[in-house]
Amino acid sequence: MEGKDKTILFLGTIRKYKGVKKLIEIAEILKDKDFKFIVAGDLWNECKGYLKDFKKLKIRTFIGFQPEEEVIKFLSSADLILMPYEKASGSGILMIAYTFEIPFCISHLEELKEYIPENYPILKEPKDYSEFI
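Residues numbered from 1 in each chain as written. Predicted model: local features only at pLDDT ≥ 70, side-chain atom pairs only at ≥ 80, totals over all residues. Heavy atoms only, no water.

Undergrad: Any chance you could explain the overall build of the protein here in plain terms?
TA: Looking only at helices and strands, the protein has five helices and five strands in total. Moving toward the C terminus, one meets the helices and strands of the protein in the order β-α-β-α-β-α-β-α-β-α. Across the 133 residues in the protein, those meeting the buried criterion constitute 46%. Counting contacts in the protein only where the partners sit at least 6 residues apart, residues at least 24 apart contribute 61% of the total. (Helix = DSSP H or I, 4+ residues; strand = E, 2+ residues; numbered from the N terminus. Buried < 20%, exposed > 50% of the residue type's maximum accessible area, 1.4 Å probe, protein only. Contact = heavy atoms within 4.5 Å.)

See the structure below:
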């Protein structure tokens, strides 16, 4: 995926276990590659400190509960959905990516293994994600 005008979407509840720190590190690595990052969802108190990083990296943010019409707009504009999860028991966002046929970049976690295509790369570190993107 080349950077020019490509939008990377992080959608859903914004929590530490969903890899917000990795998202910031990935955006930092790709900051000179013409990608646009969008973060949309309900921001938990544990992540409020990251708002300054979002601003510094020019990550567009849509904080708070997003109505269905807005979610559809975000999905329509996304070239890739980023899910750098630290842990998960499942992922509704992954199912949305499949439904809308949007490419995704997701952590290699045992709990998600059955939902990820065979031969999908093992993504753990921000560098792994940035190379995949």
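Now that the structure has been shown, the text picks up again.
Undergrad: I'm lost on the nonpolar core in this one. Help?
TA: What tends to happen in soluble globular proteins is that the nonpolar side chains get buried as a cluster. Judged by nonpolar contacts, the single largest core of 46 residues is most densely connected at F37, I81, L82, I106 and I133. Sorting the residues of this core by element identifies β1 (6-11), α1 (20-29), β2 (35-41), α3 (68-77), β4 (80-83), α4 (92-100) and β5 (104-106) as the ones contributing at least two each. The contacts of I106, once residues within four sequence positions are left out, are M83, Y85, L94, L112, I116, Y120, L123 and Y129. (Core = buried A, V, L, I, M, F, W, Y, C linked by side-chain atoms within 4.5 Å.)

Undergrad: Help me out: how do you make sense of empty space enclosed by the protein in this one?
TA: Gaps left between atoms are located by rolling a probe of water-molecule size over the structure's atoms. This model, assessed by the stated rule, comprises one cavity of 30 Å³ or more. What the largest cavity holds in volume is close to 30 Å³. Every residue along the wall of the largest cavity is listed here: F10, L11, K18, L82, M83 and Y85. Of all elements in the fold, only β1 and β4 reach the threshold of two or more residues within the lining of the largest cavity. Partitioning the lining of the largest cavity into residue classes produces five nonpolar, no polar and one charged. (1 Å grid on protein atoms, 1.4 Å probe; cavity = no way out; pocket = protein on both sides within 12 Å on 5 of 7 lines; lining within 4 Å. Points joined across faces, edges and corners; volume = space filled by probe spheres on them. Nonpolar A, V, L, I, M, F, W, Y, C, P; charged D, E, K, R; others polar.)

Undergrad: Honestly, the pairing of β1 in this entry has me stumped. Any pointers?
TA: Side-chain positions along a regular strand alternate between the two faces of the sheet. The buried count for β1 comes to five of six residues, which makes it a mostly enclosed element. In terms of strand pairing, β1 meets β2 through six bridges, oriented parallel. Pairing of L11 across the sheet is with A40, part of β2. With respect to chirality, the unit in which β1 leads through α1 into the neighbouring parallel β2 is right-handed. (Pairing = 2+ DSSP bridges. Right-handed = clockwise from strand over helix to strand, strands pointing away.)

Undergrad: Just to check I follow, could you spell out α3 for this structure?
TA: In an α-helix, one turn spans 3.6 residues; hence positions three or four apart end up facing the same way. All buried positions along α3 are accounted for by V71, F74 and L75. Down the axis, α3 shows its buried residues gathered within 95° of arc, on one side only. In α3, the exposed positions that point more than 90 degrees away from the buried face belong to E69, K73 and S76. Turning to α3, the residues buried within the fold contact β1, β2, β3 (60-63), β4 and α4. (Arc of directions from axis to C-beta.)

Undergrad: Before we go on, may I ask you to explain the pattern of salt bridges in this structure?
TA: Any two side chains of opposite charge can pair, on the condition that their charged atoms come close. The full count for this structure, using the stated rule, is seven salt bridges. A salt bridge links E70 to K73; the shortest N-O distance between them is 3.3 Å. Here E70 pairs with K73, and both are found in helix α3, just three residues apart, close to one helical turn. E70 sits in the partly exposed class, given a relative accessible area of 27%. You can call K73 exposed: its relative accessible area is 52%. The salt bridge involving E110 is made with K113; its shortest N-O contact spans 3.3 Å. (Salt bridge = Lys/Arg side-chain N within 4 Å of Asp/Glu carboxyl O.)

Undergrad: Hey, could you run me through the sheet that holds β3 in this one?
TA: Hydrogen bonding along the main chain pairs the strands of a sheet, whether they run parallel or antiparallel. A sheet is described by the order of its strands in space; here five strands give the open sequence β3-β2-β1-β4-β5, paired in parallel fashion. Two strands bound the open sheet, and with one partner strand each, they are β3 and β5. On average, each strand axis in the sheet is tilted by 20° relative to the strand beside it, whichever way the strands run. Bridge analysis of β2 against β3 gives four bridges, and the strand direction is parallel. Bridging across to β3, A40 finds its partner in F62. (Axes fitted to C-alpha atoms, helices over the stretch in contact; angles between N-to-C directions.)

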